Amino acid sequence: MSVVGERLQPTIFELSRPGRGGGKIPHPPKDALDRIPASARRATPAALPELSEPEVTRHYVNLSQLNYSVDTGFYPLGSCTMKYNPKINEWAARLPGFAGLHPMAPDAVAQGTLQLLHELEGMLAEISGMDAVTLQPAAGAHGELTGILMIRAYHRSRGDVDRDEVLVPDSSHGTNPATATMAGFRTITIPSASDGGVDIDAFKAALGPRTAAIMITNPSTLGLFERRIGELLEATHAAGALAYMDGANLNAILGHFRPGAAGFDVMHFNVHKTFSTPHGGGGPGAGPVGVRAHLVPFLPAPRVIREDDGSYRLERPGERPASIGRMRSFFGSTGVLVRAYAYIRAHGGSGLREVSDDAVLAANYLKVRLRDTYQVPFDRPCKHEFVASAADIKHRTGVRTLDIAKRLIDKGYHPPTIYFPLTVEEGMLIEPTETESLETLDAFADALIEIAHEADADPDLVKSAPHLAPVKRLDEATAARQPNLRWRGMTGAQMPCPD
Amino acid sequence: MVPGDLRYTKDHEWVRVDGDEAVVGITQYAADQLGDIVFVELPAVGRALGQHDAFGVVESVKAVSDLFAPVAGEVTGGNEALGGSPELVNSDPYGEGWMVRVRLADAGQVEALLDAAAYEQLVAEG
Amino acid sequence: MPYGPHAADDRARMLETIGIDSVDALFDDIPEALRAGPLALDEPEPELELSVRLQALAGRNRTDLASFLGAGAYRHWTPAVVDQMLLRGEWYTAYTPYQPEVSQGTLQSIYEYQSLLAALTGLDVVSASHYDGGAATAEAALMTCRATRRDRILVSRAVHPHYRETLETYAEGAGLAAEEIPLVAEGPLAGTTDLTALERLLADPERPVAGVVAAQPNVLGLLEDMGEIGRLAHGAGALFVSVIEPVSLAVLAPPGEYGADIAAGEGQPLGIPLGYGGPYLGIVACSDALIRQIPGRLVGMTTDQDGRRAFVMTMRAREQDIRREKAASNICTNQALLALAASIYLSAIGPHGLRDVAATGASRAADLEAALAGAGAPRLHGAPYLNELVVRVPDARAVHARLLERGILAGIPTADLLPDEPALADGLLVCATEVTTGAEIDRFAAALRAELAGMPVAGGAA
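Nothing here was measured: the structure is a model prediction, and the numbers come from that model.

Q: Please clarify how the overall build of chain A should be interpreted in this entry.
A: Scanning chain A from N- to C-terminus turns up 16 helices and twelve strands. Looking at chain A as a whole, 61% of its 499 residues qualify as buried. Taking the contacts inside chain A whose residues are at least 6 apart along the sequence as the reference set, 74% of them involve residues at least 24 apart.

Q: What am I meant to see in the overall build of chain B here?
A: Helices and strands together make up the secondary structure of chain B, namely five helices and nine strands. Overall, chain B shows an N-to-C arrangement of helices and strands of β-β-β-α-β-β-β-β-β-α-α-β-α-α. Relative to the compact-globule value of 14 Å for 126 residues, chain B shows a C-alpha radius of gyration of 13 Å, a close match. Seen through its C-alpha atoms, chain B measures out along the principal axes to roughly 35 × 35 × 20 Å. For chain B, the proportion of its 126 residues judged to be buried stands at 38%.

Q: Explain the domain arrangement of chain A here, please?
A: Accessible area lost on assembly of the parts is the figure often given for the size of an interface. Parsing chain A into structural domains produces domain 1 (12–64), domain 2 (88–345) and domain 3 (355–478). Look at where the C-alpha atoms of domain 1 of chain A and domain 3 of chain A centre, and you get two points 46 Å apart.

Q: Help me understand the interface of chain C and chain B, please; the structure alone is not making it clear to me.
A: With four residues of chain C in contact, the opposing surface of chain B contributes four residues. Classifying every residue of the side of chain C that touches chain B by side-chain character gives two nonpolar, no polar and two charged.

Q: Which parts of the structure should I look at to understand the interface of chain A and chain C?
A: Tallying the contact residues gives 173 residues for chain A and 170 residues for chain C. Considering each element in turn, the side of chain A that touches chain C owes the most residues, 21 residues, to helix α11 (residues 334–370) of chain A. The residue makeup of the side of chain A that touches chain C, split by class, is 92 nonpolar, 54 polar and 27 charged.

Q: Would you take a moment to explain the environment of Ile127(A) for this structure?
A: One can find Ile127(A) in helix α5 (residues 111–128). For Ile127(A), a count of 28 C-beta atoms within 10 Å gives the class buried. When the C-alpha positions of Ile127(A) and Ile253(A) are compared, they lie 9.8 Å apart, and in sequence the two are 126 residues distant. With residues up to four places along the chain from it excluded, the contact list for Ile127(A) reads Leu254(A), Leu352(A) and Leu39(C).

Q: So what exactly am I meant to see when it comes to the sheet that holds strand β6 (residues 54–60) of chain B here?
A: To summarise the sheet geometry, strands pair through backbone hydrogen bonds and adopt either a parallel or an antiparallel arrangement. All names here are of chain B. In space, the three strands of this open sheet follow the order β4-β6-β7, with antiparallel pairing throughout. Single-partner strands in this sheet number two, and they are β4 (37–41) and β7 (64–68). The sheet shows a mean angle of 20 degrees between the axes of neighbouring strands, direction not considered. Inspection of the sheet shows β4 paired to β6 by four bridges, in the antiparallel sense. Opposite Val40, over in β6, you have Val58 as the bridge partner.

Q: Looking at this structure, I do not really get helix α11 (residues 336–374) of chain C. What am I missing?
A: Each turn of an α-helix holds 3.6 residues, which means side chains three or four residues apart point in the same direction. Residue and element names in this part refer to chain C. A rise of 1.5 Å per residue sets the reference length of α11, with its 39 residues, at 57 Å; its end C-alpha atoms lie only 45 Å apart and thus fall more than 12% short of the reference. Within α11, 31 of the 39 residues are buried, which leaves the element mostly enclosed by the surrounding structure. Just beyond α11, the residue with positive phi is Gly376, at close to 105 degrees.

Q: Would you take a moment to explain the confidence of the model for chain B for this structure?
A: Close inspection of predicted coordinates is inappropriate in any region flagged by low pLDDT. Residue and element names in this part refer to chain B. Across chain B, pLDDT averages 93, with 100% of residues at or above 70. By mean pLDDT, the top-scoring element of chain B is helix α3 (residues 88–91) (96), and the lowest-scoring one is helix α4 (residues 108–111) (90). The ipTM, which scores confidence in the relative placement of chains, is 0.97 for this predicted complex, and the corresponding pTM is 0.95.

Q: Where do I start with the packing of helix α8 (residues 195–202) of chain C against helix α9 (residues 226–235) of chain C in this structure?
A: Each pair of packed helices can be described by the angle between their axes along with the distance between the axes. All names here are of chain C. Direction vectors running N to C along α8 and α9 enclose 15 degrees, while the axes themselves pass 10 Å from each other. The angle between α8 and α9 falls in the class roughly parallel. Where α8 crosses over α9, the two elements pack in a sense that is right-handed. Where α8 abuts α9, its residues Leu195, Leu198, Glu199 and Leu202 lie against Glu228, Ile229 and Leu232. Broken down by class, the residue content of the contact of α8 with α9 amounts to five nonpolar, no polar and two charged.

Q: Looking at this structure, how should I read the sheet that holds strand β3 (residues 152–156) of chain C?
A: All names here are of chain C. Spatially, the seven strands line up as an open sheet ordered β2-β8-β7-β6-β5-β3-β4, and their pairing is mixed. Edge positions in the open sheet fall to β2 (125–126) and β4 (177–181), since each of these has one partner strand only. The sheet contacts of α9 involve β5 (211–216) and β6 (239–244), and relative to β6 the element is tilted by about 155 degrees.

Q: For this particular structure, what's the right way to read the nonpolar core?
A: Taken as a class, soluble globular proteins show a tendency for nonpolar side chains to be buried jointly. One finds Met150(A), Ala213(A), Tyr244(A), Val212(C), Val241(C), Ile262(C) and Ala285(C) to be the most contacted residues of the largest nonpolar core, which totals 354 residues. The greatest single-element share of this core, amounting to 20 residues, is contributed by α11(C). When residues no more than four places from it in sequence are discounted, the contact partners of Ile262(C) are Ala140(C), Met143(C), Leu239(C), Val241(C), Ala285(C), Cys286(C) and Leu290(C).

Q: Explanation requested: the environment of Pro466(A) in the structure shown.
A: Relative to the helices and strands, Pro466(A) is located in the loop between α15 (459–463) and α16 (476–481). Here the alpha-carbon distance between Pro466(A) and Leu408(A), two residues 58 residues apart in the chain, equals 7.9 Å. Sequence-distant contacts of Pro466(A), that is, excluding residues within four places in its chain, are made with Lys406(A), Arg407(A), Ile409(A), Asp410(A), Lys472(A) and Glu101(C).

Q: Would you mind going over unusual backbone geometry with me for this structure?
A: Peptide bonds are trans in most cases, and residues, glycine excluded, mostly fall at negative phi. With omega at 0 degrees, the peptide bond leading from Ala301(A) into Pro302(A) counts as cis. Considering the arrangement of structural elements, one finds Pro302(A) in the loop between β7 (289–291) and β8 (304–306). Between Ala465(A) and the following residue, Pro466(A), the backbone shows a cis peptide bond with an omega angle of 5 degrees. The backbone phi angle of Arg324(C) is positive, close to 50 degrees, even though this residue is not glycine. The exposure class assigned to Arg324(C) is buried, which follows from the 23 C-beta atoms found within 10 Å.

Q: When you look at the pairing of β3(C) in this model, what are you seeing that I'm missing?
A: Looking down a regular strand, the side chains alternate between one sheet face and the other. All names here are of chain C. The buried fraction of β3 is high, at five of five residues. For β3 and β4, the ladder comprises five bridges, and the chain directions are parallel. Bridge pairing in β4 links Arg152 to Ala177. Read as a crossover between parallel neighbours, the route from β3 over helix α7 (residues 161–174) to β4 is right-handed. Direction of pairing for β3 relative to β5: parallel, over a ladder of three bridges. Residue pairing in the sheet places Leu154 in a bridge with Val212 of β5.

Q: Honestly, helix α13 (residues 401–410) of chain A in this entry has me stumped. Any pointers?
A: Residue and element names in this part refer to chain A. Within α13, eight of the ten residues are buried, which leaves the element mostly enclosed by the surrounding structure. If you check which residues of α13 are buried, you get Thr401, Asp403, Ile404, Ala405, Lys406, Arg407, Leu408 and Ile409. Where α13 is buried, its residues touch β11 (417–418), β12 (427–430), α14 (438–457) and α15. Looking at the residues trailing α13, positive phi occurs at Gly412, about 95 degrees.

Q: Where do I start with the pairing of strand β14 (residues 427–431) of chain C in this structure?
A: Residue and element names in this part refer to chain C. Most of β14 sits inside the fold, with five of its five residues counted as buried. In β14, alternate side chains face the same way, and those of Gly427, Leu429 and Cys431 on one face and Leu428 and Val430 on the other are all buried. Across five bridges, strand β11 (residues 388–392) lies against β14 in antiparallel orientation. Looking at the pairing, Val391 lines up with Leu428 of β14.

Q: What is the right way to read the packing of helix α12 (residues 396–405) of chain C against helix α14 (residues 438–454) of chain C from this model?
A: Residues and elements named next belong to chain C. Where α12 contacts α14, the axes come no closer than 10 Å and their chain directions differ by 130 degrees. Relative to α14, the element α12 is oriented oblique. In terms of crossing hand, the pair formed by α12 and α14 is right-handed. Every residue of α14 that contacts α12 at Val399, Arg402 and Leu403 is listed here: Ala447, Leu448 and Glu451. Of the residues assigned to the contact of α12 with α14, the class counts are four nonpolar, no polar and two charged.

Calculation notes
Residues numbered from 1 in each chain as written. Chains lettered and ligands numbered in written order. Predicted model: local features only at pLDDT ≥ 70, side-chain atom pairs only at ≥ 80, totals over all residues. Helix = DSSP H or I, 4+ residues; strand = E, 2+ residues; numbered from the N terminus. Buried ≥ 20, exposed ≤ 12 C-beta atoms within 10 Å, placed from the backbone. Contact = placed C-beta atoms within 7 Å. Rg over C-alpha atoms; globule rule 2.2 N^0.38 Å. Domains from an automatic or database assignment. Nonpolar A, V, L, I, M, F, W, Y, C, P; charged D, E, K, R; others polar. Pairing = 2+ DSSP bridges. Axes fitted to C-alpha atoms, helices over the stretch in contact; angles between N-to-C directions. Expected span 1.5 Å × (residues − 1). pLDDT = per-residue confidence, 0-100. Parallel < 35°, antiparallel > 145°, perpendicular 65-115°, else oblique. Left-handed = near helix turned anticlockwise from the far one by under 90°. Core = buried A, V, L, I, M, F, W, Y, C linked by C-beta atoms within 7 Å. Right-handed = clockwise from strand over helix to strand, strands pointing away.

Following this line, the structure appears as structure tokens:
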């Protein structure tokens, strides 16, 4: 593992010593808090650590070096789209004009940001074939909730109040059924067909007067385009239901397929996947939602409006009464959206199509390189990702996909997505993205093939991996049975400090 | 080999009759499938269960599974030891890892469940 | 393509290995009728031109104003070390730490964040983050319903209106009822939650309440009797959600000390730029009893097989990828990098520094109050405040607009923030922090005096 630093670090609480640090803020007058009643004041100071700036720096630099990252190496995580995060985007988001703008500032002082957001909505609408876009949701799951709540509002506005079911394929991301529940719907899970796609006939059988929506990922979470999508969308609308597309896999179809034009009523984008905004160790992302015209009245408020004189303003309260309301405190995760805007402008339409072309090409190349060593269950071209199975290896050697994943760490790679979707036994979902060189793809394929050989020759080596990471396999059972979720006490330690 | 004196369900629960009560747990097969059990959510004493009602949840590190009542009746007790030691379900699923006691509403329901041989065949068929 | 990695013949080699002539063959399975034409977007923009465009857009925002605007997002000084650390690619380009062996940096930083916020809030369990204060408050309210199996939530009108609106959106979807607790209209407690009304709302035996939500400080900057609100809530079998502002917790009693079951709030003041509303940091914390109800990720400390201390995401079975339709929340991607920013900020500022930030803000706010009162705009309320307050200004919207022309962002008219509160028709909600200067305060007061002096005298009482 090419991690520069392998040193585990004590916590900031263990580094704390009274009197360290401080000096960043001028001291207030001694009587500054006298007018605050004692009953509202803290009885004891907050037990926060005291560190000097050099210690803070070393702590966070050393910790960072325990992380794998896109800037470090290849992350073939299926369904995550770990593409390169362009640095101009970081520069742009930090421009003081963007970073220093208060979310409740009057429209007149926010014209630059409002213009950017308005243009971004238009670009996303064009990319997706939708009529309008909201930029409010903070993540894909947040976008899903927004979209499903709009569908709910749509049906209710038409007096169609008995639709309480959402149909979801069993291969869907867990957020889909969880979203349906949050919006008050029952999830009906439809098993997939044997060719890896959704079972259109099973969907048709389940569609009916109680169906509010179907939620489909296209390409599917197995990386396969739904060839009968047109038929499914027709059947959905014929039953009076609406079609939601989970846009997590949009990187496969930019410039090739526009979901709104094809018949989807609403979809979300994951800008931290398709549009290169960084993953941040678990966010922030953003999950804008695109809709066809019939759902526009229900979009979250406020929208940004462009006036005839070219100026921009936010909608006033009550201006669009059918709106589902707010999904969050303010307009959106603007800093993230600035990055997505820069990315789309850098590429243009032709560039985005090339992104998908190269993403799909890379995935199919890897699939061909691996198909003799691992099983690739579906004998057709994939899109931007594919599933490989280690079921044969497991039956032959006892080595499981989990072990292979941990051994990949020793080879210097982040493992692919494992055991998702659950419909393939001992599955690895591999998504290279379009920003990886051929050398990287080949070296990764070589590493996976090498591990397969190791599984035959020395299975214990693989089963006990990783050997070269800063920590080995963890005791996750104790972590869950006896949760230790916060540091207790500023002096001493529950466990020996690594140093 | 599963204990011969118990009855089983297709959802991998077992039942042992003890007087007018049934003791219920999950089988070794189920525990193995789930992996290290970390938490068991049990129903309150006094709750009335219908047969096949979801009465609780078993959580492992990476999975979660509903528990379905193999027989109808009133809950008379839950295994409190599982609060501090959920791993008992893995290590001794038919003994210390028991989950609930239920006052049987209909003893005939137990007879209709799978016997050891039928359950083992079910597991073998996958 | 600006970030494409391929050398001249790489694509050809890949096509040859696959055995096709053109990449188009890989898209044949898209039905012809559904294939897209060229996207109608502007031409690709190389980095130089793109940077000029972005500079121009940023330049169209005015950030040169003397700003006294708070209302849920606050100007603070962020020590330079925070952004320097956040610029490290190992932090911001890392993925969610599902493979703990290669993610100990992110995992330990989240554990430290959980610990820091536990110390600040006085509550034991802190989630790894939520989207922002509004979404966090909404999900905290949903928690109370799940935990009590009741479906009625009471929310003070002194909770930020955007948070209340978000809560209503979430509640509507979940089939829950959210009702408002009115404010005291007059007297020394004007602008705070009406506890008599709260007691009445809690007293209906047919409609038991799951949770009571109140903010400290509240949206008007006023300090509430949170202990009493908690007592009333618990007396009726309801849970108590406190909406908090994290910097204030350096000096104000934290939720854990006054009996809140859940705390929710906005972490933006902890080293995160204003950024027109995001990305921000949703804080959710709860007592140990509610640990299985809290939405979002949790990181725990454990050991590896060799006994090394290590950190791992834990209690995962609560989350959507495992529980699916039975998950408490659908949240997946959260705001991890912002939680890191908050942690670095707190580490750099330290407990005394954070106290100084809060106390200096309070001191500047007292100066602001005096200066504006001297200019003819006294405080509207009598209850104590920390660093945000409402001052009485006739025709506040017009005055606000004219002050803006003079380069002063005079907070926000309370008529705009809370249009349904007649008592707030003529007010400006203003705030001061440690970055507010005496010169700015003087400028504001002088401009306000001039505006008020130039206005026609009102015929009756304001």
